[in-house]
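Chain and residue survey
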Amino acid sequence: MMQFFATFEYSVFTEILVSELEAKGITDIYAVPLDARKQTPRLMDSLHRSDGVSFLDKPFVFGFLFSTIGASKGFVWTWGPVVWGLIGAAAGMIFGLLISVLMYLLKERKPRSRRTDKRGSEIILIVTCEDSQSELVEDLLWDHMALGLAKTK
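Description of the structure in this document. (Residues numbered from 1 in each chain as written. Predicted model: local features only at pLDDT ≥ 70, side-chain atom pairs only at ≥ 80, totals over all residues. Heavy atoms only, no water.)

1. Concerning the nonpolar core
One finds Phe4, Phe8, Leu17, Leu21, Val127, Val137 and Leu141 to be the most contacted residues of the largest nonpolar core, which totals 14 residues. Contributing elements (two or more residues each) for this core: strand 1 (2–9), helix 1 (12–23), strand 3 (122–129) and helix 4 (134–143). Among the elements that take part in this core, strand 1 stands out by supplying four residues, more than any other. Not counting the four nearest positions on each side in its chain, Leu21 is found in contact with Ile26, Ile29, Val127, Val137 and Leu140. (Core = buried A, V, L, I, M, F, W, Y, C linked by side-chain atoms within 4.5 Å. Buried < 20%, exposed > 50% of the residue type's maximum accessible area, 1.4 Å probe, protein only. Helix = DSSP H or I, 4+ residues; strand = E, 2+ residues; numbered from the N terminus. Contact = heavy atoms within 4.5 Å.)

Have a look at this one:
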């Protein structure tokens, strides 16, 4: 006996797949719908979870740039290079943080990508069949837009 685990976006292809499997004599089919994410992702990362987006990249880059400019101009200005370098670093970090926050807010207004917004949810389809039918089942699963597939004996 072979058992296939496949994930699908809920669509007509999934319904057609189940009908085709039943027409081929495979009746041990179990479908589990997954719940879609209801809450939005968190703004700040924690130690144990990170989404790869950082609010501090731009502030550090702009802080470095503005402090370099402030320190070099500080040799000519009244308070000196150290004070103007620190002022430039603070101004650059604030500027970079404002850019990061504005980009985050503008990205939040746009609809999310197709994988998170437009689909309702995914389905896990578990199909149990004889070893002789395994190639047929695997081909049918891939032909009907499976997102992922695993098989066990």
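2. What about the packing of helix 2 (residues 57–74) against helix 3 (residues 81–109)?
Direction vectors running N to C along helix 2 and helix 3 enclose 150°, while the axes themselves pass 6 Å from each other. As far as their axial angle goes, helix 3 and helix 2 are roughly antiparallel. The interaxial crossing formed by helix 2 with helix 3 has right-handed handedness. Class assignment of the residues belonging to the contact of helix 2 with helix 3 gives a composition of 14 nonpolar, nine polar and one charged. (Axes fitted to C-alpha atoms, helices over the stretch in contact; angles between N-to-C directions. Parallel < 35°, antiparallel > 145°, perpendicular 65-115°, else oblique. Left-handed = near helix turned anticlockwise from the far one by under 90°. Nonpolar A, V, L, I, M, F, W, Y, C, P; charged D, E, K, R; others polar.)

3. Things to note about the packing of aromatic side chains
According to the stated counting rule, one finds five aromatic pairs in the structure shown. The interplanar angle of 85° and the centroid separation of 6.1 Å between the aromatic rings of Phe62 and Phe66 together place this pair among those described as edge-to-face. Separated by four residues within a single helix, Phe62 and Phe66 lie in helix 2, roughly one turn from each other. What makes Phe62 partly exposed here is its relative accessible area of 21%. Pairing Phe66 with Phe95 gives two aromatic rings, centres 5.8 Å apart and planes at 20°, and the pair type is stacked. Placement of Phe66 in helix 2 and of Phe95 in helix 3 is noted, with a sequence separation of 29 residues between them. Owing to a relative accessible area of 38%, Phe95 belongs among the partly exposed residues under this scheme. (Phe/Tyr/Trp six-rings, centres within 6.5 Å; stacked < 30°, edge-to-face > 60°.)

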